[in-house]
Amino acid sequence: LDQIGAVLGPLVVGYVLFLGFGYRWAFLFLFIPALFALCLLLFAKRGYKDKIEYEKVKDASLNLPKTLYVYLFASCLVALSFLPFPLVGFHLSQEAFEGWKISLLFALAMGADALSALLFGLLYDRTGFYSLALGLSFGVLALLFLLNNPVIAIVFWGISLGVQESIMRSAVAHLSPQTSRGKAYGIFHFFFGLSTFWGSALMGYLYQISTDLLILYSIGLHLLAIGILIRLKP
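Along each chain, numbering runs from 1 in the same order as the chain's sequence is written. Residues qualify for local features only when their pLDDT is at least 70, as the model is predicted, and side-chain atom pairs are given and counted only at 80 or more; totals for whole chains, interfaces and linings, by contrast, use all residues. Only hydrogens and water are set aside when side-chain values are computed; all heavy atoms of the structure are taken into account.

### Points about the environment of L30
We count it as follows: Numbering of helices and strands runs from the N terminus; a helix is a DSSP stretch of H or I covering at least four residues, while a strand is a stretch of E covering at least two. What makes two residues a contact is simply this: any of their non-hydrogen atoms within 4.5 Å.
Among the structural elements, L30 can be located in helix α2 (residues 22-48). It is 16 Å that separates the C-alpha atoms of L30 and Q3, two residues lying 27 residues apart in sequence. Aside from chain neighbours lying at most four places away, what touches L30 is G9 and V13.

What follows is the structure in structure tokens.
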């Protein structure tokens, strides 16, 4: 359901831009589903507050295995080198892509994101970390196609994002004990988010210098992360 919204949102923006209303009207139109979502959250809070059952764990331990920290390091390498879509969209705009076309490409990426999350979720249950390494390799392919075939690059980019948003986070639960799973997710998201921030800033700077240098940097860190994941023994 989340990805249905992620596809419909940019489709609406693309349609508004295609009609010539501009970005101001496009974002104003998105205020309607945003307000509706907040109303649903308020309804859920009031209607189901007393029906929530929290998991209770006795003898909680906050110790985390070393394997999780190795996995965290590999994940941070991915976050440091995964191209943010604002940078991709800016590059496309420099290649004479109109705003509504970029919105449609983002919708395409979100569709690929949704399908890859389902597919690689099944693969992860069967093959473990090998499926994660395979999914992240699509991020490398996206970089290789970015300059020559943006449409294919966007599809590969969406597949890689779907892997990151699904099984990359599922692996945290796999690698952490039940008693300290909340701590594990907190640490993971803190460092993954921090790496995404600094990686995006650095890649934006590299883009100003040389697109080839940016691609070399991103592919290098992606391959290093994939190598670590393949050797990781959960």
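That was the structure; now back to the text.
### Remarks on helix α8 (residues 167-175)
Quick reminder: α-helices carry 3.6 residues per turn. Residues three or four places apart thus point the same way. Here is the rule: Buried, partly exposed and exposed residues are distinguished by accessible area as a fraction of the type maximum, computed with a 1.4 Å probe on protein chains only: under 20%, between the cut-offs, and over 50%, respectively. The arc refers to the directions leading from the helix axis to the C-beta atoms.
Restricting attention to buried positions, one finds in α8 the residues I167, M168, A171, V172 and L175. End-on, the buried residues of α8 take up no more than an arc of 165 degrees, which puts them together on one face. Buried residues along α8 sit against α3 (66-81), α5 (99-127), α6 (129-145), α7 (150-165) and α9 (181-209).

### Some remarks on the confidence of the model for the chain
The condition that has to hold: The pLDDT value tells you how sure the predictor is about a given residue, anywhere from 0 up to 100.
Looking at the chain, the pLDDT average stands at 86 and 93% of residues meet or exceed 70. Confidence, read as mean pLDDT per element, is least for α6 in the chain (84) and greatest for α9 (93).

### Observations regarding the side chain of S131
Test applied: Any pair of nitrogen or oxygen atoms within 3.5 Å is treated as a polar contact; in protein, a donor-acceptor pairing is required on top of that, and neighbouring residues in sequence qualify only through side-chain atoms on both sides.
Relative to the elements of secondary structure, S131 occurs in helix α6. Note on S131: relative accessible area 2%, which makes it buried. Reaching out from S131, the side chain makes a polar contact with the backbone nitrogen of Y124 at a distance of 3.5 Å. Leave out the neighbours within four places in its chain, and S131 touches F120, L123, Y124 and I167.

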